[in-house]
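# Residue-level structure breakdown
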Amino acid sequence: MAEQQYFSGFDSEPEEISRSAQKREAQAVRKLADDLAKLGSEAFNALTFPDDEVKQALLTARSLKRNSDERRRQLQYAAKLMRNYDLAPLKQELSMQGASAAVDPNAMRLEHLRSELIASGAPAINALCALIYDIDRNKLRTLVKKAQQEVLKEQSAKPALRELYQYLKSSFAQSKVAIPASLLN
């Protein structure tokens, strides 16, 4: 009788990426190129691109009509160029920029409020707590203190700033209170 041998082919990870996985990665890069093309000019110019050719391809795509085939093809070309580079730093820069006014109309007001809380401290916290009664004062004070420390240390990654922004955003959404101009000095 033939002796059965152990086949290790299924126990190890495949050496090649499947075609579906390659398509998913290409689709993600295409989506990133589309998101970059939709940015405003100031936000777009603030980004650092891996290559000048990629930036030029995206600039060309931005100049074309929104829903045209030319733009779609140009974005595909930009995505093809982008696949040759590590896109993690570019994705991180894009996520650090925050929400655009089209996505969240209160984004700029929330950022101004966050800056005012960091600059003023206790008086701004008291004014905000008077506006929204059910806000957690201790959590807000802690988040502001952490954000102030991050600003002083001038760290590149600022998780406390983002956390403070998200907390303010959720608090205003829950309370359904508009951000008054009196808090934005």
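Residues numbered from 1 in each chain as written. Predicted model: local features only at pLDDT ≥ 70, side-chain atom pairs only at ≥ 80, totals over all residues. Heavy atoms only, no water.

Each helix and strand counted, the protein has 9 helices and 0 strands in total. Taken from the N to the C terminus, the helices and strands of the protein come in the order α-α-α-α-α-α-α-α-α. In the protein, which comprises 185 residues, the proportion classed as buried is 31%. By sequence separation, contacts in the protein at least 24 residues apart represent 63% of the contacts at least 6 residues apart. Total accessible area on the protein is roughly 12900 Å²; 50% of this is exposed by carbon and sulfur atoms. (Helix = DSSP H or I, 4+ residues; strand = E, 2+ residues; numbered from the N terminus. Buried < 20%, exposed > 50% of the residue type's maximum accessible area, 1.4 Å probe, protein only. Contact = heavy atoms within 4.5 Å. Areas by Shrake-Rupley, 256 points an atom, 1.4 Å probe, with all protein chains shown as cover.)

An ideal rise of 1.5 Å per residue puts 20 Å on 14 residues; helix α4 (residues 69–82) measures up with 20 Å between its terminal C-alpha atoms. Residues Arg71, Gln74, Leu75, Ala78, Ala79, Leu81 and Met82 constitute the buried set of α4. Projection of α4 onto a plane perpendicular to its axis shows the buried side chains occupying an angular sector of 155 degrees, all on one side. (Expected span 1.5 Å × (residues − 1). Arc of directions from axis to C-beta.)

Here we take up the packing of helix α1 (residues 19–38) against α4. Two elements in contact, α1 and α4, have axes separated by 9 Å at closest approach and are oriented at 115 degrees. α1 and α4 meet at a crossing whose hand is right-handed. Where α1 approaches α4, its residues Val29, Arg30, Leu32, Ala33, Asp34, Leu36, Ala37 and Lys38 are matched on the opposing element by Arg71, Arg72, Leu75, Gln76, Ala79 and Met82. The class makeup of the residues in the contact of α1 with α4 is 8 nonpolar, 1 polar and 5 charged. (Axes fitted to C-alpha atoms, helices over the stretch in contact; angles between N-to-C directions. Left-handed = near helix turned anticlockwise from the far one by under 90°. Nonpolar A, V, L, I, M, F, W, Y, C, P; charged D, E, K, R; others polar.)

In total, this model carries 1 aromatic pair according to the counting rule given. Between phenylalanine 44 and phenylalanine 49, the aromatic rings sit 5.0 Å apart at their centres with planes inclined by 45 degrees, giving tilted as the arrangement. When its relative accessible area of 14% is taken as the criterion, phenylalanine 49 is described as buried. Geometry around phenylalanine 44 places arginine 62 over its ring, the cationic atom sitting 4.4 Å from the centre. (Phe/Tyr/Trp six-rings, centres within 6.5 Å; stacked < 30°, edge-to-face > 60°. Lys NZ or Arg CZ within 6 Å of the ring centre and 35° of its normal.)

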